[in-house]
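One letter stands for each residue in the lines below.
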Amino acid sequence: MTTDQSRTIVRSDGGQDRTIVRPYGDTTGDGRVQLSFTLPVPYGSSEQRARAEGAALQLAAKMGMDPAMVVHAKGMGPDFTFFIVYGRVAHLVDLSEVIVAEREFPLLPAAEINLRIRSALGRKLVVVGACIGTDAHTVGIDAILNVKGHAGEKGLEYYREMRIVNLGAQVSVPDLVARARAEQADAVLVSQVVTQRDAHVNNTKEMAAAFRAAGPPQPLLVVGGPRFTPGSETGLGVDKIFGKGTGPGEVASYLVHALAPPQPVLAGTAAGDSGA
Ligand code: B12
């Protein structure tokens, strides 16, 4: 069955799986989207306002919004204007072409994580964490490391078999490398939230290069922050990238996946653990 708003596939059981969808504003499939952006144009006099809104509409038209209307415009200082534009796009989304990256490791309960560390390392797994460069946004790294955790999940400090050293904000790369070596870190967890002028990318590359230059032993390098794209590890020279909405349990599971592989179970031994 085909409609002008979306293509649907009729299943043999009579149900419908929609594979082609369009954005929805007022009515289903009407193609309406909302876009916000800033232009370096003033929004002072009535003439400037008219020109600014015309500029916004020109951009919207070039992006394929037709019709489009400026639903909000606000001067940002004397030389800039922030806009919200609402309009229709003709583009279709094919859900069958959406690729969802699968996690390459299983999510494990805390008891199993502790057991894996004990069996594989025979000691605590050492994690050193920090916000590097000038970045002072510690809430994200604290959400992962602090015992209170994030969104109902306990942080890494909760895990009995992990030793966490949280260095806090604005740690320089040389200080991080020196401390990681002094603590004999198995993993270094770095947070980068500020992305202006690609600070997060540059700081991450600098950090990875510094650890490489320091020579072995190389800790596992894990970086996170809301504007990183998971999967971009190779270009940044690190082992793992985590993006927005990461939970501490996911990070703990990754750490044992990478550093504490499952050990062969010997006949006659029972694997039990009371918890974290
Ligand atoms: C709180 C906050 C602050 C606080 C920070 C307090 C603190 N101790 O952290 C204060 C007031 C100090 C601050 C200052 C500034 N801020 Co600020 N701040 C925010 C705000 C409102 C919330 C950030 C936050 O706490 N999020 C909650 C945490 C839990 O989320 P998260 O960081 O994304 O972390 C999660 C994941 O990303 C991931 N994760 C993060 N790190 C890591 C690390 C690892 C290893 C792993 C595995 C996962 C992981 O896991 C976490 C849990 O899911 C954001 C806007 C916003 N709504 O996001 C702006 C924001 C981040 N700030 C911004 C800016 C510009 C600044 C300032 C430059 C402002 C100024 N002109 O002074 C300064 C910079 C200070 C500095 N030197 O860094 C911009 C950044 C723009 C950009 N993209 O670069 C934002 C986006 C606001 C904005 N829209 O403009 N800020």
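The structure displayed is predicted, hence computed values, not measured ones. (Residues numbered from 1 in each chain as written. Predicted model: local features only at pLDDT ≥ 70, side-chain atom pairs only at ≥ 80, totals over all residues.)

What to know about the site of the ligand
- Every one of the 29 residues lining the ligand counts as a neighbour, but Val139, Gly140, Ser191, Gly224 and Pro226 are closest to it.
- Of all the secondary-structure elements, those providing two or more residues to the shell around the ligand are helix H3 (139-145), strand E10 (187-191) and strand E11 (220-224).
- No other element matches H3, which puts five residues into the shell around the ligand.
- Class assignment for the residues of the shell around the ligand results in 14 nonpolar, 12 polar and three charged. (Near = placed C-beta within 6 Å. Helix = DSSP H or I, 4+ residues; strand = E, 2+ residues; numbered from the N terminus. Nonpolar A, V, L, I, M, F, W, Y, C, P; charged D, E, K, R; others polar.)

Examining the environment of glutamate 206
- In this fold, glutamate 206 is placed in helix H5 (residues 199-214).
- For glutamate 206, a count of 14 C-beta atoms within 10 Å gives the class partly exposed. (Buried ≥ 20, exposed ≤ 12 C-beta atoms within 10 Å, placed from the backbone.)

Considering the sheet that holds strand E4 (residues 32-39)
- Taken together, three strands build an open sheet; the order of strands is E4-E6-E5 and the sheet is antiparallel. At either margin of the open sheet sits one strand with a lone partner, and together these are E4 and strand E5 (68-76). Sheet twist, expressed as the average angle between the axes of neighbouring strands with direction ignored, equals 15 degrees.
- Contacts from helix H1 (residues 46-62) reach E4, E5 and strand E6 (80-88), with the element oriented near 130 degrees to E5. (Pairing = 2+ DSSP bridges. Axes fitted to C-alpha atoms, helices over the stretch in contact; angles between N-to-C directions. Contact = placed C-beta atoms within 7 Å.)

Description of the packing of helix H4 (residues 173-182) against H5
- Two elements in contact, H4 and H5, have axes whose closest approach is 10 Å; the angle formed by their N-to-C orientations is 45 degrees. In this view, H4 runs oblique relative to H5, as classed from their interaxial angle. Considering how the two elements wind past one another, H4 and H5 form a crossing that is right-handed. When H4 is examined against H5, the residues Val173, Pro174, Leu176, Val177 and Arg181 are found in contact with a partner set consisting of Glu206, Met207, Ala210, Phe211 and Ala214.
- The residue makeup of the contact of H4 with H5, split by class, is eight nonpolar, no polar and two charged. (Parallel < 35°, antiparallel > 145°, perpendicular 65-115°, else oblique. Left-handed = near helix turned anticlockwise from the far one by under 90°.)

A few points about the pairing of strand E9 (residues 162-166)
- Relative to E9, strand E8 (residues 125-131) runs parallel, the two being bridged by five bridges. For valine 126, the partnering residue across the bridge sits in E9 and is arginine 163.

Focus on the nonpolar core
- With 43 residues, the main nonpolar core has Val127, Leu156, Val188, Leu189, Val222 and Val223 as its most contacted residues.
- Dropping the residues within four chain positions of it, valine 223 is found in contact with Val190, Gln192, Thr204, Phe228, Leu236, Val238 and Ile241.
- If you look at the next biggest cluster of nonpolar residues, it comprises eight residues, including Tyr43, Ala52, Ala56 and Met65. (Core = buried A, V, L, I, M, F, W, Y, C linked by C-beta atoms within 7 Å.)

Focus on the confidence of the model for the protein chain
- Mean pLDDT over the protein chain stands at 91; residues scoring 70 or higher make up 90%.
- A low-confidence stretch, residues 270-275 stays under pLDDT 50, and its non-local contacts, those more than four residues away or across chains, total seven contacts. (pLDDT = per-residue confidence, 0-100.)

Quick word on the sheet that holds E8
- On the basis of which strands lie adjacent, the open sheet formed by five strands has the order E9-E8-E10-E11-E12 and parallel pairing. Of all strands in the sheet, those bounded by a partner on one side alone are E9 and strand E12 (240-242). Averaged over all neighbouring strand pairs, the angle between strand axes comes to 20 degrees, with direction disregarded.

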